[in-house]
Amino acid sequence: MTNQKPLLSKFLSFLLLSLSLCGYEPLMMANELIPVGVVLDLKSSVGRVAERYMSMALSDFYAVNHNYSTRISLLTKDSGNDVIAAASAALDLMKKEVQAIIGPQRSAQARFVIELGRKAQVPIISFSATSPSLSPSQNKFFLRTAQDDSAQVKAMADIVKAFGWPEIVLIYEDTEYGNSLIPHLMESLQVIGTRVPYRCVIPPSSNNMEIIKELNTLKENYIRIFLVHMTASLGSKLFALAKNAEMMSEGYAWMVTKGLSSLLDPMSSKIMDSMQGVLGIRPYINPSKHLEDFERKWKRNLTSVKAKIKSTTSLNLFGLWAYDTIWALAIGVEKAGMHSSFFKQNVSSFNADLATLDIFENGTRLRNTIVNTTFEGLSGNFSLVNGQLEPSTFEVFNVIGKTEINIGYWTPQRGFSKDLKDTSEKAYSTSKDKLKPLIWPGYSIHQPPSRLRIGVLVKNGFTEFLKVEWNSSTDDTPNVSGFSVEVFFAVRDALPFPLFHEFIPIRQRNGTYDYEIKTKKCDSYIGDITIIAERSKHVDFTLPYAESGVQMVVSVKHDDRKSLWIFLKPLSLNLWLTTGVAFIFTGFVIWVLEHRVNNEFRGPPAQQLGLIFWFSFCTLTFAHREKVVNNWSRFVLVIWIFLVLILTQSYTASLTSILTVQRLQPTIVDIKEIKKNGYFVGYQKNSFVKELLKRQLDIHESKLKPYETPEEYHEALSNGTHNGGVAAIFDEIPYLKIFLANYPSKYTTVGPLYQNYGFGFVFPQGSPFVPHMSRAILNVTQNRSKIQAIENKYFPSQLTCEDQNTRISPDSPSLGVDSFKGLFLIAGIASTVSLLVYMFKLFYSHWPVLSHNNPADSCWSKLVKMAKHFDQKDLSSHTFKGEESRVHVVASPEVSEPSPGIDDMQNHTRNSIEESDDVLIHDDNGSLSSSSRHGDASMQDVPNSS
């Protein structure tokens, strides 16, 4: 290369002299021509336009800056849209000692050329290699005078979010340029909750048939929202074929990235016609006087070169970036003081071309100068940040007719806005209301809806929830109705975006919903699908739209209010027996305490035995006429009467409830009875309840029988477990409500409720529809009037389980001893303590006398005498002292004259024995005392006692 330096220097000097002789006065003062290489695909529209823009940029720059001492000279090479050709062209330019290279045009070509520039320390400046994988921060000799493709990702995601699309398909070309942006797009879409279920990758070499095949695949996937990221050459072919495939019609939505939208102008009218309704973004070009002057000059000069470059009169973004690149490079060359002899020969021993590249000594200085260069260019403010053009405002446009209509702007600070000059609102906005109305494909003003293929499972029973039927055998479109479908319609209407759906009938296979859910043949499943843990391993559920839970339903016994022994039902057998014993024991205690001091508790043995039963049982109705005189008796009787009061009131209340409220007793109370006796159990066919019975309740599979309809439930329970039926059926609460509504007086639910999470809609794992549907379900279910109207439509006569249990509840158990255990204990202790204290006092006062008078008697003889003594009256008691005083007054010889009332009183006493239970007698104090009905016997004992 060094051998060519004298020849190159002579050539440049001759060129300057020739130009000066031809009248180019600005060049007469030039001291240096700085060679700059250009690598472009001159067969592409971008390459042809960029070459012309750069030529105009040189003329415009040095016309303004004619005093500069340097002039850059462009040496252009055609890459021929080939990576190797681009590398060869760059290598050839470096051998000619160019001090910078503009290009290459494509990202795939730039990767290897950047490495050549790093080795030779020659700045590689690209205005069109926008792939994020090419990072200026990783190679300081690479400068990008364009915006990185990843700068548009946030704006594209905000558009998707603004229109509420939960799913979108990416279509991109299989190149460095196409593939490098996808990870950034995927990450940004994931942040806003949008799912990408399918990606369509199209190689640039694809023919029409291959592209049509990919488009047909997209049509079959039922997703109508597409985001296209590809170059103009491949993109124009894609949209033309998409229109022929009727994919540019109503119901579709297409968006394009800036790589394609920046090149819409050079496209033919036929291609533009196939892109009607397309939505896109591109960097916003701020209008300026400089830009207006350039546009006029471009249109004026275009006539002579139009046939050559085959372009339109509209400006091209990549061309503007190429224009600004020339200005930035020219300024950098001048400020860095570049000369044509700053290359140092490589002393490598290798003979290969790459190893013998000369090193540009001032490459770093030139690179740094360009990075620090700022000016107002045609595309806006030229300022490189981290080696590339700083992101700016994006323009949102809509293709209508033969042009693109601006519908708004997007900025990193404010999001969407209709007018950049409106600074009243500072908050960041992603609302589509901040965009102007637009036209969608098919010239529709309605936003294309998201689409769902919804699986509905065909069932024979409980069609109130989901019913699938066909009008005729030849009709492929089913009529789908039911509670679940009605709820889905309400939820669909509550979504923030339009949703189109297609119902796909599916017959259950392998027993349950689980098989169809795992296959994921549909985008969603609706119906009476229970949310359970096993299913959640394969799919995502929305929030439940109906509560559920598994419970047991059994037959009930007939009404027993007409039973002969219904009066015994309020109390259990144990309580009846305990009460009877308590009555007898209490009567016995009262008799013991009153026998020696109360004439009413004396008499023949048979009469005294009857009195024991009579007295205690009469306390039930407080009808006893016998009076008690012993304080211990009164103590016992107070507690006993309180117990009797509580017992009678409880009995009355229980019997009243039995006789007035219909209570049907279940034939089976709990699952333990079923397992103990080996009864058969039913469940709904194709339900998860079967696994619950086997695993959680430990019921053998041989004891399980499947049924489908409420009629089959009724038949099985009516037959019973011994006649080919079942003893109980386990099912979810919503189904049991329907069953009990059809047979309200024959069956009832018993036992615990095995809770689950209810019914929900099913989506594939990670589906972005789930959060939207769940929020809509909350809005619907919290609107009680709306959900109640749906329930009334399909379950008009249905009872809730609470209502059913209130009206037909299992027979409550009879009152037992446990309910009155405390009262019986208190009464028993009181009676026992009173009895023991009385007997102790009796034995304590008389046992020593017996032992002293008859020391030779045996213990048994003493007990017999003690019993005889107990049977005698206790004349020391105050109840008999009154009688003794009255008799003593009558018989006393000290009385001077007979009392006129004694004979009459004796007659009255005898008459009282026959006619009355009580006799009033005057004692010594003139008070009245009571005498028993055995007055004669008492009177006979009076003389003896005196």
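Residues numbered from 1 in each chain as written. Predicted model: local features only at pLDDT ≥ 70, side-chain atom pairs only at ≥ 80, totals over all residues. Heavy atoms only, no water.

Asker: Looking at this model, I keep getting lost on the overall build of the protein chain. Mind explaining?
Answerer: Helix and strand counts for the protein chain come out as 31 helices and 33 strands. Looking at the 946 residues of the protein chain, the share that counts as buried comes to 50%. Within the protein chain, contacts between residues separated by at least 24 positions form 71% of all contacts whose residues are at least 6 apart in sequence. By element, 55% of the accessible surface of the protein chain is carried by carbon and sulfur atoms, the whole surface being about 45,500 Å². (Helix = DSSP H or I, 4+ residues; strand = E, 2+ residues; numbered from the N terminus. Buried < 20%, exposed > 50% of the residue type's maximum accessible area, 1.4 Å probe, protein only. Contact = heavy atoms within 4.5 Å. Areas by Shrake-Rupley, 256 points an atom, 1.4 Å probe, with all protein chains shown as cover.)

Asker: Can you help me understand the packing of helix 2 (residues 45–64) against helix 12 (residues 317–336) in this one?
Answerer: A pair of packed helices is characterised by two quantities: the angle between their axes and the separation of those axes. Between helix 2 and helix 12, the least distance of the axes is 8 Å, while the angle of their chain directions is 40°. One way to sum up the angle between helix 2 and helix 12 is to call them oblique. Crossing of helix 2 over helix 12 shows right-handed handedness. Between helix 2 and helix 12, the residues in contact are Val 46, Val 49, Ala 50, Tyr 53, Met 54, Met 56, Ala 57, Leu 58, Asp 60, Phe 61 and Tyr 62 and Phe 318, Gly 319, Leu 320, Ala 322, Tyr 323, Ile 326, Trp 327, Ala 330 and Ile 331, respectively. The residue inventory of the contact of helix 2 with helix 12, partitioned by class, reads 18 nonpolar, 1 polar and 1 charged. (Axes fitted to C-alpha atoms, helices over the stretch in contact; angles between N-to-C directions. Parallel < 35°, antiparallel > 145°, perpendicular 65-115°, else oblique. Left-handed = near helix turned anticlockwise from the far one by under 90°. Nonpolar A, V, L, I, M, F, W, Y, C, P; charged D, E, K, R; others polar.)

Asker: Can you walk me through the nonpolar core in this structure?
Answerer: One recurring pattern in soluble globular proteins is that nonpolar side chains are buried together. Among the nonpolar cores identified, the biggest contains 69 residues, and Tyr 53, Ile 72, Ile 101, Ile 102, Phe 294, Leu 329 and Leu 366 are the most heavily contacted of them. Among the elements that take part in this core, helix 12 stands out by supplying 14 residues, more than any other. Not counting the four nearest positions on each side in its chain, Ile 102 is found in contact with Val 36, Gly 37, Val 38, Val 39, Met 54, Ile 125, Phe 127, Thr 325, Ile 326 and Leu 329. (Core = buried A, V, L, I, M, F, W, Y, C linked by side-chain atoms within 4.5 Å.)

Asker: I tried to follow the packing of aromatic side chains on my own but got confused; where do I start?
Answerer: How two aromatic rings sit relative to each other is set out by the distance from centre to centre and by the angle between their planes. Considering all chains together, one arrives at 43 aromatic pairs under this definition. Ring plane angle 80° and centroid distance 5.2 Å describe the contact between Tyr 284 and Tyr 409, whose orientation is recorded as edge-to-face. Taken as a pair, Tyr 284 in the loop between strand 10 (279–283) and helix 11 (289–309) and Tyr 409 in strand 18 (residues 403–411) lie far apart in primary sequence, 125 residues in all. Here the basic side chain of Arg 282 rests over the ring of Phe 397, its NZ or CZ set 4.7 Å away from the ring centre. Over the ring of Phe 680 we find Lys 705, and its NZ or CZ is 4.4 Å from the ring centre. (Phe/Tyr/Trp six-rings, centres within 6.5 Å; stacked < 30°, edge-to-face > 60°. Lys NZ or Arg CZ within 6 Å of the ring centre and 35° of its normal.)

Asker: What am I meant to see in the environment of Gly 401 here?
Answerer: Position of Gly 401 relative to the elements: it lies in the loop between strand 17 (394–400) and strand 18. Of the residues examined, Gly 401 reaches a relative accessible area of 33% and is grouped as partly exposed. Sequence separation between Gly 401 and Met 272 is 129 residues; the distance between their C-alpha atoms is 7.5 Å. Apart from residues no more than four positions distant in its own chain, Gly 401 is found in contact with Met 272 and Gln 276.

Asker: Help me out: how do you make sense of the sheet that holds strand 8 (residues 225–229) in this one?
Answerer: Strand pairs in the sheet, formed through backbone hydrogen bonds, run parallel or antiparallel to each other. Taken in spatial order, the 8 strands line up as 7-6-8-9-10-17-18-19 in an open sheet, and their pairing is mixed. The open sheet has two edge strands, strand 7 (199–202) and strand 19 (415–417), and neither has a second partner. Strand-to-strand, the axes of this sheet are offset by a mean angle of 25°, without reference to chain direction. Docked against the sheet, helix 8 (residues 232–244) engages strand 6 (169–173), strand 7, strand 8 and strand 9 (253–256), running at close to 175° with respect to strand 9. (Pairing = 2+ DSSP bridges.)

Asker: Even after reading the chapter, I still don't get the side chain of Ser 450, so can you show me in this structure?
Answerer: Relative to the helices and strands, Ser 450 resides in strand 20 (residues 450–458). Owing to a relative accessible area of 4%, Ser 450 belongs among the buried residues under this scheme. With sequence-adjacent residues up to four places away left out, Ser 450 is seen in contact with Trp 165, Pro 166, Phe 497, Pro 498, Leu 499, Phe 500 and Phe 769.

Asker: Can you walk me through the environment of Ala 546 in this structure?
Answerer: Along the chain, Ala 546 falls in the loop between strand 25 (539–541) and strand 26 (549–555). With relative accessibility at 15%, the residue Ala 546 sits in the buried group. Filtering out sequence-adjacent residues up to four positions away, Ala 546 remains in contact with Phe 483, Gly 758 and Phe 759.

Asker: Just to check I follow, could you spell out unusual backbone geometry for this structure?
Answerer: For residues that are not glycine, phi is negative in most cases, and the peptide bond is trans in most cases. Here the amide bond leading from Gly 103 into Pro 104 is cis, since omega sits at -5°, within 30 degrees of zero. Relative to the elements of secondary structure, Pro 104 occurs in the loop between strand 3 (101–102) and helix 4 (107–120). Even without a glycine there, the phi angle at Glu 97 is positive, about 65°. Following the sequence through the fold, Glu 97 ends up in the loop between helix 3 (83–95) and strand 3. Its identity as a non-glycine residue notwithstanding, Asn 686 has a phi of 65°, on the positive side. In this structure, Asn 686 sits in the loop between strand 27 (681–684) and helix 21 (689–696).

Asker: In this structure, what is going on with the environment of Gln 665? I would like to understand it.
Answerer: Among the secondary structure elements, Gln 665 is positioned in the loop between helix 19 (631–660) and helix 20 (671–677). Separated by 82 residues in sequence, Gln 665 and Tyr 747 place their C-alpha atoms 9.7 Å apart.

Asker: Help me out: how do you make sense of the sheet that holds strand 27 in this one?
Answerer: Taken in spatial order, the 5 strands of this open sheet run 28-27-29-26-30, and their pairing is mixed. Pairing within the sheet leaves two strands with one partner each, and these edge strands are strand 28 (704–707) and strand 30 (747–755). For this sheet, the mean inter-axis angle between neighbouring strands, taken without regard to orientation, is 30°. Strand contacts of helix 22 (residues 710–719): strand 26, strand 27, strand 28, strand 29 (728–732) and strand 30, with the helix running at about 155° to strand 29, the strand carrying the most contacts.

Asker: Could you clarify how one ought to interpret the pattern of salt bridges in this entry?
Answerer: When charged atoms on two side chains of opposite charge get close, those side chains can pair. Here the structure, examined in full by the defined rule, presents 27 salt bridges. For Lys 96, the salt bridge identified is with Asp 92, shortest N-O distance 3.8 Å. On the accessibility criterion, Asp 92 (27% relative accessible area) is partly exposed. One network of salt bridges, with partners in common, ties together Lys 690, Glu 691, Lys 694, Arg 695 and Glu 701. (Salt bridge = Lys/Arg side-chain N within 4 Å of Asp/Glu carboxyl O.)

Asker: Would you take a moment to explain the packing of helix 5 (residues 153–162) against helix 6 (residues 176–191) for this structure?
Answerer: Their axes nearest at 9 Å, the elements helix 5 and helix 6 cross at an angle of 45°. In terms of their interaxial angle, helix 5 and helix 6 are classed as oblique. Like other packed secondary-structure pairs, helix 5 and helix 6 cross with a definite hand, here right-handed. Contacts from Val 153, Lys 154, Met 156, Ala 157 and Val 160 of helix 5 reach helix 6 at Leu 181, His 184, Leu 185, Ser 188 and Leu 189. For the contact of helix 5 with helix 6, the residue count by class is 7 nonpolar, 2 polar and 1 charged.

Asker: Mind showing me how you'd approach the confidence of the model for the protein chain here?
Answerer: Residues of the protein chain with pLDDT of at least 70 account for 78%, and the chain-wide mean is 79. Every residue in residues 16–30 is under pLDDT 50, and counting partners more than four places away or in other chains gives 11 contacts. The low-confidence segment residues 306–311, where pLDDT is below 50, has 8 contacts with residues more than four positions distant or belonging to other chains. (pLDDT = per-residue confidence, 0-100.)

Asker: Looking at this structure, how should I read the pairing of strand 18?
Answerer: For a regular strand, side chains alternate in direction, first toward one face of the sheet and then toward the other. Of all 9 residues in strand 18, 7 are buried; the element is thus mostly enclosed. Of the pairings in the sheet, the one linking strand 17 to strand 18 comprises 7 bridges and is antiparallel in character. Directly across from Val 399, in strand 18, lies its bridge partner Glu 404. Here strand 17 hands over to strand 18 after 2 residues, with Gly 401 in that stretch at a positive phi of 70°. The sheet contact formed by strand 18 and strand 19 spans 3 bridges and is antiparallel. By the bridge assignment, Tyr 409 is partnered in strand 19 with Ser 417. Joining the antiparallel neighbours strand 18 and strand 19 is a turn of 3 residues.

Asker: For this particular structure, what's the right way to read the pairing of strand 7?
Answerer: With burial as the criterion, only one face of strand 7 is covered, namely that bearing Cys 200 and Ile 202; the residues Arg 199 and Val 201 on the opposite face remain uncovered. Between the parallel elements strand 6 and strand 7, the chain passes through helix 6 in a crossover that is right-handed. (Right-handed = clockwise from strand over helix to strand, strands pointing away.)

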